[in-house]
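If you want the building blocks of each chain, they are given just below.
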Amino acid sequence: MRVRVISLLILSTLVASPALAFNTLNGQSPIVIGHRGASGYLPEHTLESYALAIQQGAHFIEPDLVLTRDGQLIARHEPILDGTTDVASKFDASRKSTRNLDGVSTTAYFADTFTLAEVKTLRAIQPRASRNQSFNGLYEIPTLDEVIALAQNQSAQIGRPIGIYPELKHSTYMKIQAQANGFSPTYFEDALVSKLHAAYGNSATAPVFIQSFETANLKYLNGQTNINLVQLVDADDVNANGLLSLVAPYAQPYDIVVAGGSTTFADLLTPAGLAEVATYADGIGPWKPYLVKTVDDGVDRTGDGILSINDRRVDGPTGVIAAAHAAGLLVHAYTFRNDASGYGFADPQAEMTYYFGLGVDGVFTDFPDTGVAALASAVPEPETYALMLAGLGLVAGFAARRRKA
Ligand SMILES: [Ca+2]
Ligand SMILES: [Ca+2]
């Protein structure tokens, strides 16, 4: 009797799982990652932006991380504070400095020259002129600790896991600045791991992915933590023929540039490149034109009399998703936006639905509500499908019971 009940349960679980409907690495439902929070709606990398992403149904929220002068991890897309905060109205230009940022001489207010107390006097602003500016000056710059607390509190409150997807920004640059500020060369990586282990444990099942465009830091982290690691893959642009344009500083991981290596981002996605990535990471996070080839053939497909990237001809998958899955790697594609960058798609929901159909394991989007809607429409009538499979499970269970009787 107990055997029959268990076999019925197992069959129902295995057969009824709607996960079977997805072409992802593990057949599981893909994830929607709130890119810099719900940054299409609120100033990026604020607790308010992350909270809105969670409210909209994002499975993960994405804090990009940089270091302050006193070694605190804060959420900013760049060590440069100029574009996303009101720093210029609170600190005079004497606080600017000129630094080599991934080979580019840059004069700016750098986070690593400000203490956390100073950063806490700043307020976030919306960097994209076309987006809502009415929340400028309202929200603080959060620390990683505050982002973790938000995710964990929201998880407990709404009863579903909310993961975090921290990105180490410019590790090579941070290594130099951390040392200048009296910290060890690997302080940035070590501080992140220490905080994550304290909050989630040293576990591959922690609801966390650590991501980076560099490679040496991920290889180092592979020896420090069991938490999942994702190799980001960048490019400069996409050519009319659909191939990726590789121009510095977006041609190679910057640690490889500094080491004098010749490996490009595109090289990371060849079968040999993916095999190498799989030795230290659990997934890849490629810019989406690496996954789907689109061609600018001069046809106005949207019929608005203007040629834009939306008009590009969609030639289909490049094979990178299948190759990555064959190497055992998850594929999380970036970035999906309602107001920009729909290569071959004018409708952002349709674009993400298309990528889900190809088997991506997750999408980074500034508009998590659109991502969640795209996921809901990615599998036709998922509930009916699940019910049908559950029915099959019951039939199989009854059949087993009859045989045993
Ligand atoms: Ca990021
Ligand atoms: Ca058009």
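As shown above, the structure is provided for reference.
Residues numbered from 1 in each chain as written. Chains lettered and ligands numbered in written order. Predicted model: local features only at pLDDT ≥ 70, side-chain atom pairs only at ≥ 80, totals over all residues.

Draft legend 1. Molecular detail of the overall build of the protein. Broken down by element type, the protein carries 14 helices and 17 strands. Across the protein, the fraction of contacts at a sequence separation of at least 24, relative to all contacts at a separation of at least 6, is 67%. (Helix = DSSP H or I, 4+ residues; strand = E, 2+ residues; numbered from the N terminus. Contact = placed C-beta atoms within 7 Å.)

Draft legend 2. Local environment of helix H12 (residues 348-358). Every buried residue belonging to H12 is among Pro348, Gln349, Glu351, Met352, Tyr355 and Phe356, and all of these are buried. Within H12, the buried residues cover an arc of 160° as seen down the axis, which keeps them to one side. Buried positions along H12 lie against strand S16 (330-336), strand S17 (362-365) and helix H13 (368-376). Gly359, located one to two residues past H12, shows a positive phi value of around 105°. (Buried ≥ 20, exposed ≤ 12 C-beta atoms within 10 Å, placed from the backbone. Arc of directions from axis to C-beta.)

Draft legend 3. Representation of the nonpolar core. Core analysis: the largest hydrophobic core is formed by 94 residues, its most contacted members being Ile61, Ile210 and Val363. In this structure, Ile210 is in contact with Pro166, Leu168, Leu192, Leu221, Ile227, Leu229 and Val230, ignoring residues within four places of it in sequence. (Core = buried A, V, L, I, M, F, W, Y, C linked by C-beta atoms within 7 Å.)

Draft legend 4. Seen up close, the pairing of S16. Burial analysis of S16 places six of its seven residues in the buried class, which makes it a mostly covered element. Judged from the two bridges that link them, strand S13 (residues 283-286) and S16 form a sheet pairing that is parallel. What sits directly across from Gly283, in S16, is Leu330. Both S16 and S17 contribute to a ladder of three bridges, which runs parallel. Looking across to S17, one finds that His332 is bridged to Gly362. (Pairing = 2+ DSSP bridges.)

Draft legend 5. Looking closely at unusual backbone geometry. The residue after Ala248, namely Pro249, is reached through a cis peptide bond having omega 5°. Along the chain, Pro249 falls in the loop between strand S12 (244-245) and helix H9 (254-258). Of the consecutive residues Tyr334 and Thr335, the connecting peptide bond is found in the cis state with omega at -25°. Looking at where Thr335 falls in the secondary structure, it is placed in strand S16. With a phi angle near 60°, Arg36 is a residue other than glycine that sits in the positive phi range. Along the chain, Arg36 falls in the loop between strand S1 (31-35) and helix H2 (47-55).

Draft legend 6. Layout of the packing of helix H6 (residues 171-180) against helix H7 (residues 187-200). It is at 8 Å that the axes of H6 and H7 come closest, and there the two elements cross at 100°. Judged by the inter-axis angle, H6 sits roughly perpendicular to H7. Here Ser171, Met174, Lys175 and Ala178 of H6 lie close against H7, whose contacting residues are Tyr187, Phe188 and Glu189. (Axes fitted to C-alpha atoms, helices over the stretch in contact; angles between N-to-C directions. Parallel < 35°, antiparallel > 145°, perpendicular 65-115°, else oblique.)

Draft legend 7. Structural view of H2. For H2, the full list of buried residues reads Leu47, Ser49, Tyr50, Leu52, Ala53 and Ile54. Of the surrounding elements, those touching the buried residues of H2 are S1, strand S2 (60-62), helix H5 (144-158) and H13. Of the residues flanking the end of H2, it is Gly57, one or two places downstream, whose phi is positive at about 105°.

Draft legend 8. Here's a closer look at the environment of Ala346. With respect to the helices and strands, the residue Ala346 is situated in the loop between S16 and H12. Take Ala346: there are 15 C-beta atoms within 10 Å of it, and that puts it in the partly exposed class. Each C-alpha atom, one on Ala346 and one on Arg301, is 9.3 Å from the other, the two residues being 45 residues apart in sequence. Apart from the residues lying within four places of it in its own chain, the contact partners of Ala346 are Thr302 and Asn310.

Draft legend 9. Layout of the pairing of strand S9 (residues 209-212). Here S9 shows two buried faces, one formed by Phe209 and Gln211 and the other by Ile210 and Ser212. With four bridges connecting them, S9 and strand S10 (residues 228-233) associate as parallel partners. By the bridge assignment, Ile210 is partnered in S10 with Leu229. Following the backbone out of S9, through helix H8 (residues 216-222) and into the adjacent parallel S10, one traces a crossover that is right-handed. (Right-handed = clockwise from strand over helix to strand, strands pointing away.)

Draft legend 10. Focus on the environment of His332. Here His332 lies in strand S16. Since 23 C-beta atoms lie within 10 Å of it, His332 is described here as buried. Once the C-alpha coordinates of His332 and Leu232 are considered, the two residues, 100 residues apart in sequence, prove to be 8.9 Å apart. Excluding anything up to four places from it in sequence, His332 contacts Ile33, Val230, Gly283, Gly285, Asp361, Gly362 and Phe364.

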